[in-house]
Amino acid sequence: MPTVLVPLADGFEEIEAFAPVDLLRRAGIEVTVASLNDHRHATGRSGITAHADVALSAVAGQAFDLVLLPGGAGVKHLRTDPRVGEIVRAQYAAGRWLAAICAAPTVLHDAGLLANRRYTAHFSVANELPAILAGERIVTDGKIITSRGAGTAVEFGLHLVALLTSADKAQEISKAICL
């Protein structure tokens, strides 16, 4: 069974975290939501507090098939936490999947992983990501998948399901949720 790590920081965009996590779990994928802090809670931009499965410190050194970075204002915490940088660089070096939505591609940029790659992101970070493909909803380049924002979160989640399982499974879930 594929495994996914979703680091959550205060200020995360709820739709961008919860929609893909829900869809991945519907597909039978083992998703670990990990808060950056040790009390295992993170409050999103809309005031919804998530109780994470674990603290990020509990999964140090663990391998995952995919690391998924949600966007929102919490990206500033992802960007400044050295553990997140280490995780994404190790994921990339091992040839495993990385996914980032909204402002989260800036984390990949900070780690030096977007050079000479195709990617998209939220328009609010276009000044930091000058090669952004602003008209694309989801871009896959090698093992890096990026998406634009909350409005693309369900499509993004289903794209991840298809990559980790099959297009048939993604279609089955799409039908079940009346997409």
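Shown above is the structure to which this text applies.
Residues numbered from 1 in each chain as written. Predicted model: local features only at pLDDT ≥ 70, side-chain atom pairs only at ≥ 80, totals over all residues. Heavy atoms only, no water.

Participant: I tried to follow the packing of helix H1 (residues 14-26) against helix H5 (residues 153-164) on my own but got confused; where do I start?
Facilitator: Running from N to C, H1 and H5 cross one another at 35°; their axes reach a closest spacing of 8 Å. Relative to H5, H1 is oriented so that their crossing is right-handed. Every residue of H5 that contacts H1 at Ile-15, Glu-16, Ala-19, Pro-20, Leu-23 and Leu-24 is listed here: Ala-153, Val-154, Phe-156, Gly-157, Leu-158, Leu-160, Val-161 and Leu-164. For the contact of H1 with H5, the per-class residue count stands at 12 nonpolar, 1 polar and 1 charged. (Axes fitted to C-alpha atoms, helices over the stretch in contact; angles between N-to-C directions. Helix = DSSP H or I, 4+ residues; strand = E, 2+ residues; numbered from the N terminus. Left-handed = near helix turned anticlockwise from the far one by under 90°. Contact = heavy atoms within 4.5 Å. Nonpolar A, V, L, I, M, F, W, Y, C, P; charged D, E, K, R; others polar.)

Participant: Please explain unusual backbone geometry as it appears in this structure.
Facilitator: Among all residues save glycine, negative phi is the norm, and among peptide bonds the norm is trans. Positive phi is not limited to glycine here, since Cys-102 has a value of about 65°. Positionally, Cys-102 belongs in the loop between strand S7 (97-101) and helix H4 (105-110). A positive phi angle, near 60°, is found at Asn-116, a position not held by glycine. Tracing the sequence through the fold places Asn-116 in the loop between H4 and strand S8 (138-141).

Participant: Could you clarify how one ought to interpret the side chain of Thr-146 in this entry?
Facilitator: Residue position: Thr-146 is located in strand S9 (residues 144-147). One polar contact links the side chain of Thr-146 to the main-chain amide nitrogen of Thr-120, over a distance of 2.9 Å. Every residue in contact with Thr-146, bar those within four places of it in the chain, is listed here: Ala-100, Pro-105, Tyr-119, Thr-120, Arg-137, Ile-138, Val-139 and Phe-156. (Polar contact = N/O pair within 3.5 Å; in protein donor to acceptor, adjacent residues only side chain to side chain.)

Participant: Even after reading the chapter, I still don't get the side chain of Ser-147, so can you show me in this structure?
Facilitator: On the secondary structure map, Ser-147 appears in strand S9. Judged by its relative accessible area of 0%, Ser-147 falls in the buried class. A polar atom in the side chain of Ser-147 sits 2.8 Å from the backbone oxygen of Arg-137. Within the structure, Ser-147 has its side chain in polar contact with the side chain of Thr-152 (distance 2.6 Å). (Buried < 20%, exposed > 50% of the residue type's maximum accessible area, 1.4 Å probe, protein only.)

Participant: Mind showing me how you'd approach the pairing of S9 here?
Facilitator: Look at any regular strand and the pattern is simple: side chains alternate between the two faces of the sheet. Across the two faces of S9 the burial is the same, with Ile-144 and Thr-146 and Ile-145 and Ser-147 all buried. Pairing analysis gives 4 bridges linking S7 to S9, with the strands arranged parallel. Looking at S9, one finds that Ile-101 is bridged to Ser-147. The sheet contact formed by S8 and S9 spans 4 bridges and is antiparallel. Across the sheet, residue Asp-141 finds its bridge partner in S9, namely Ile-144. With antiparallel pairing between neighbouring strands as the criterion, S8 and S9 make up a hairpin whose turn holds 2 residues, including Gly-142 at a positive phi of roughly 65°. (Pairing = 2+ DSSP bridges.)

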